[in-house]
Amino acid sequence: MMQTEEACSYMTFGAVMPFCKGCGHSNILKKLNDAMQMLHLDPMDVCLVTDIGCIGLADALFDKVHTVHTTHGRSTGFATGIAVADKVLAQKKLKTIVLIGDGGSMIGLLHIVNAALMNADVTVIVANNFLFGMTGGQTSSLTPEHFNTITSPFGSMNPSLDICSIADASKAGFIARKTATDKDLTQVIADAIAFGGFSIVEVLELCTEHGTKRNDLKGNMLAKMAEAEGHELGILKNDPLRKEFSLKYHDDVEVHKGEIKPLKFVEPLDNYNINRANGFVIAGSAGERVQSSAGMLSEASIKSGLNVTQKNDNPVTQGSGFSLSEVIISPNEINYTGVSSADYVIVVSENGLKELKGQKIFGRINDKTMFIVDESIDLGKEGLNVLSLPLRKYCGADKAALGAVDYIIRKFEPFPHEIFAGIIAKKFGEYGKIFKEGYYEL
Amino acid sequence: MYVRKYFPGNKNDSTMAVLTKKLALRSGNQMVAEGAIKAGCKFFAGYPITPASGIYKGLIDLLPVNDGIAVSSPDEISALAYCVGASMRGFKSMTATSGPGWALMIETVQYALITETPVVICVVQRLGPCTGGATQGGQGDILITEFATSGGFTIPVLYPSTAAECYEMTIEAFNWAEKYRTPVVLLSDKEIGMTTESIDYNALEDIKQVNREVIKHDDPMIDKWKMYGFDSPDMIAKFAEIGGKVKVTATGSAHNAMGNLKKNDPETISTIKHLEDKIQAHKDEMVRVKLDAEADAETLVISFGITARTMKDAVKLARSKGVKVSSLTIHSMFPIPEEAITSAAAECSRVIIAEENLNGQYRTMLAEILKLKEVIGVNSMGYMITPEDILERIMQ
Ligand code: SF4
Ligand SMILES: [Mg+2]
């Protein structure tokens, strides 16, 4: 325990470490306190994020800084949110430091990996005593091969994870592996905290309650043990070249914000010819602009002053199989968004027809329903009002659905055709040249 | 609201009147994103999932130009952890997901609850169980969103029915989160989230932003202030921001009013209990329902989300056949607006509850308060309930 009040700028003066005798955690926390002191950090600019496990008891000791004690493994995730919000949205003063054990570092590995990839300004200190101490000394993913724990009484079967290599593969800028008794540990922790971007320090240490009792192990053997696992020691990387997350974010926003399109609004005309809802069902194949043609119908409808709903359907893979849209246009409020009694059914491909039959389309029509289908389509049912048109021939596969919608607006005029013609012209050029000549004579 | 200038027959009238409407085609998901901006959301973390991805995309585009930030996270657990962290730093935060992602967030939502950290999670439901049907609708996550905590604490849940309501209720969800220092779930479903519809922006309700009360080091009451302190059940302690000059002590473990881990301690137990008490104390101001009452109606239909719209059509059809029927759309799913429901049902002998799930999740919640009524469920799985489905039960 530290002797003077002054030395305890971040910790409670006189607090008794809650750890077992000889536990490496006491040393690590003392050195963390010293490192912060070395950097002259304002305690209110420090956020200590602790994980589950004996090391997680640290937050109760650091009573002069902000402390957040989290769920198991998630500490780096919470820390990332804290650090990103601070750096991007606030005064950028905060030092966010995670204290996590070997068990927590594996359950929360993706949080560590992603914080490193983002280069969020977070320092992760992994207190690695090769086992789950708090729960009784069980094997963790950082337990070395042959290491004896209560759940590996014959020695651990797996080699241990090299978390520093994982950090390196995740492009972390500062990586160190030390032992708890290293003389320069304070300096290394201070360097990690001062580093502008993601940093990680793995500290090898002893759990005297469970580790040393089952293994012939002393503090001076930790380095050898790591080496036997093929894990290097020391400052493994100190490369500040990558920009810290918020700096890159601000640069990107500055450069690209002009590219973000403003939201679109329509000042509607008051110009339509229907006094009740009209339901359209449009079916075809993926890639044939079924949903975007429906979108243009919707856009034209609101331009005319009508209310609209457009409900799309497709398989999970958006680029294959059928594509379907149900559009309702109405001068009144639209509630149910499905078309239960269609006014118009458009079918431009077999894929579309198959899906429509699966969705029991013939039970969702009335005796006035108009089917507008490509000439290649056989609905296989008598007694329907069918207009069979050479849509694919005149409009092409990719605009057959558009041609069908256009045809309906031209012939049945739920609203003036010029509104629709204007919208498709904006996208495809002069209206009279979008389709082959024969189309306009249909 | 406006006078029609155009009638069939004068199609060639070239002077088209312009309506005083500001219309746009928007999906419910997009309106959640726009509502979040209006609510003052500054941080979004997203992980893609159909049918919620539109919210993620919407805020990726909107936040950078509204003094905020949206980040991509490597999974749903991170998404919510990032949001809770950002909120602890002092910024309104949100994420969005569907059932499978919610399953992963349940741990972290409990963390937000016990640390009394405001955050909004939009759950856009799809067909379950498990990964279920990504592009199929459903209303099967009502109970799993509400009962996501060990101990059964109330997570406030709001559920809009239209894209316009998505906008309004997103603002409400943020306001609740801020005011009551709690996670709030904004429920949606595939049909609301992904269907585009016309919205008149001029008709959107103007809901004022509520911001959490933040404790300052020079607050005259600072000596009495505690991170999770309260004098009465309705009291919500002022929020301390990480990085502010008042120390934050947060933990997911059972803690006393200061935030210190304490076992077998009466103060700790009462601090935990207060998580529920504070919501119950405010539940009367959290009632959001729409009643369409008809005098002498024998039947009341209750629904929510996409099915509430279907219910409206069914009720209209029934009334056109001379049947007297009332309807109640529920937006504040939890805390359950019990009084609003019992008073709407008071004069009715039958209550029909329509929801797109296997066996009536919300209906089971209402069994006790409607025990003197004949309660009928209209349910479906894998397809939208139709107006005819509901009408059939009304007419029986
Ligand atoms: S159980 Fe092990 S890790 Fe925990 S305090 Fe004791 S020695 Fe330290
Ligand atoms: Mg350990």
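A. Summary view of the environment of Asp 206 of chain B. All names here are of chain B. Secondary-structure assignment places Asp 206 in the loop between β8 (196-200) and β9 (249-251). Spatially, the C-alpha atoms of Asp 206 and Met 227 are 32 Å apart, while their sequence positions differ by 21 residues. Polar contacts involving the side chain of Asp 206 include one to the side chain of Lys 208, which spans 2.8 Å.

B. Structural context of the site of ligand 1. Phe 19, Cys 20, Cys 23, His 25, Cys 54, Asn 129, Gly 133, Cys 207, Thr 208, Glu 209 and His 210 of chain A make up every residue found near ligand 1. Looking at side-chain class alone, the shell around ligand 1 contains 5 nonpolar, 5 polar and 1 charged residues.

C. Region of interest: the domain arrangement of chain A. The domains assigned to chain A are domain 1 (24-254) and domain 2 (278-441). Placing the centre of domain 1 of chain A and that of domain 2 of chain A at their C-alpha centroids yields a distance of 59 Å.

D. Summary view of the packing of aromatic side chains. All names here are of chain B. Using the criterion set out here, one finds 17 aromatic pairs over all chains in the structure. Aromatic pair Phe 147 and Phe 334: ring centres 6.2 Å apart, planes at 75°, arrangement edge-to-face. Taken together, the positions of Phe 147 in the loop between α5 (142-146) and β6 (157-158) and Phe 334 in strand β13 (residues 332-334) put the pair 187 residues apart, joining distant regions of the chain. The exposure class assigned to Phe 334 is buried, which follows from its relative accessible area of 4%.

E. Spotlight on unusual backbone geometry. Residue and element names in this part refer to chain B. In this structure, the amide linkage connecting Gly 128 to the following residue, Pro 129, adopts the cis form with an omega of 0°. Tracing the backbone through its elements, the reader meets Pro 129 in the loop between β5 (119-125) and α5. Residues Phe 334 and Pro 335 are joined by a peptide bond in cis, for which omega reads -5°. Structurally, Pro 335 can be placed in the loop between β13 and α10 (338-345).

F. Inspection of the nonpolar core at higher detail. All names here are of chain B. Among the nonpolar cores identified, the biggest contains 139 residues, and Leu 59 and Met 94 are the most heavily contacted of them. Broken down by element, the residue count for this core peaks at 10 residues, all from helix α6 (residues 163-180). Those residues in contact with Met 94 that sit more than four places away from it in its chain are Val 32, Ala 36, Cys 41, Phe 43, Phe 44, Ala 45, Leu 59, Cys 83, Val 120, Cys 122, Thr 170 and Phe 174.

G. Geometry of the packing of helix α9 (residues 305-320) of chain B against helix α12 (residues 387-395) of chain B. Residues and elements named next belong to chain B. Look at α9 against α12: their axes get within 8 Å of each other, and the N-to-C directions meet at 50°. In terms of their interaxial angle, α9 and α12 are classed as oblique. Note on packing geometry: the crossing formed by α9 with α12 is right-handed. Residues Thr 307, Thr 310, Met 311, Asp 313, Ala 314, Leu 317 and Ala 318 of α9 form the contact with α12, whose own contacting residues are Pro 387, Ile 390, Leu 391, Ile 394 and Met 395. Its residues assigned to classes, the contact of α9 with α12 comprises 9 nonpolar, 2 polar and 1 charged.

H. Just the sheet that holds strand β14 (residues 365-374) of chain A, in detail. Pairing is mixed across the open sheet formed by 8 strands, whose spatial order is β15(A)-β14(A)-β13(A)-β10(A)-β12(A)-β11(A)-β8(B)-β1(B). Two strands lie at the open edges of the sheet, namely β15 (385-389) of chain A together with β1 (23-27) of chain B, each paired on one side alone. This sheet shows a mean twist of 20° between the axes of neighbouring strands, independent of strand direction. Looking at chain direction, strand β11 (residues 307-313) of chain A and strand β12 (residues 322-330) of chain A are connected through 7 bridges and run antiparallel. Along β12 of chain A, the bridge assignment pairs Gln 310 of chain A with Val 327 of chain A. Of the strands in this sheet, β10 (278-285), β13 (342-347), β14 and β15 of chain A are in contact with helix α14 (residues 400-412) of chain A, which crosses β13 of chain A at around 145°.

I. Spotlight on the domain arrangement of chain B. Residues and elements named next belong to chain B. Splitting chain B by domain gives domain 1 (23-203) and domain 2 (287-395). In this structure, domain 1 and domain 2 have C-alpha centres spaced 26 Å apart. On the side of domain 2, 25 residues touch domain 1, which itself brings 29 residues to the contact. Where domain 1 abuts domain 2, roughly 2,100 Å² becomes buried across the two surfaces, and 59% of that area is made up of carbon and sulfur atoms. Interface area lost by domain 1 to domain 2 is led by Gln 139, Ile 142 and Ser 161, which between them contribute 27%. At the junction of domain 1 and domain 2, the tally comes to 3 salt bridges. Summed over the shared surface of domain 1 and domain 2, the result is 17 residue pairs in polar contact (both at pLDDT 80 or more). At the level of secondary structure, the elements contributing two or more residues to the side of domain 1 that touches domain 2 comprise α5, β6, α6 and α7 (190-194). Among the elements that line the side of domain 1 that touches domain 2, the one with the most residues is α6, at 4 residues. A per-class count over the side of domain 1 that touches domain 2 returns 13 nonpolar, 9 polar and 7 charged.

How each quantity is defined
- Residues numbered from 1 in each chain as written.
- Chains lettered and ligands numbered in written order.
- Predicted model: local features only at pLDDT ≥ 70, side-chain atom pairs only at ≥ 80, totals over all residues.
- Heavy atoms only, no water.
- Helix = DSSP H or I, 4+ residues; strand = E, 2+ residues; numbered from the N terminus.
- Polar contact = N/O pair within 3.5 Å; in protein donor to acceptor, adjacent residues only side chain to side chain.
- Near = heavy atom within 4 Å.
- Nonpolar A, V, L, I, M, F, W, Y, C, P; charged D, E, K, R; others polar.
- Domains from an automatic or database assignment.
- Phe/Tyr/Trp six-rings, centres within 6.5 Å; stacked < 30°, edge-to-face > 60°.
- Buried < 20%, exposed > 50% of the residue type's maximum accessible area, 1.4 Å probe, protein only.
- Core = buried A, V, L, I, M, F, W, Y, C linked by side-chain atoms within 4.5 Å.
- Contact = heavy atoms within 4.5 Å.
- Axes fitted to C-alpha atoms, helices over the stretch in contact; angles between N-to-C directions.
- Parallel < 35°, antiparallel > 145°, perpendicular 65-115°, else oblique.
- Left-handed = near helix turned anticlockwise from the far one by under 90°.
- Pairing = 2+ DSSP bridges.
- Buried area = accessible area lost by both parts, 1.4 Å probe.
- Salt bridge = Lys/Arg side-chain N within 4 Å of Asp/Glu carboxyl O.

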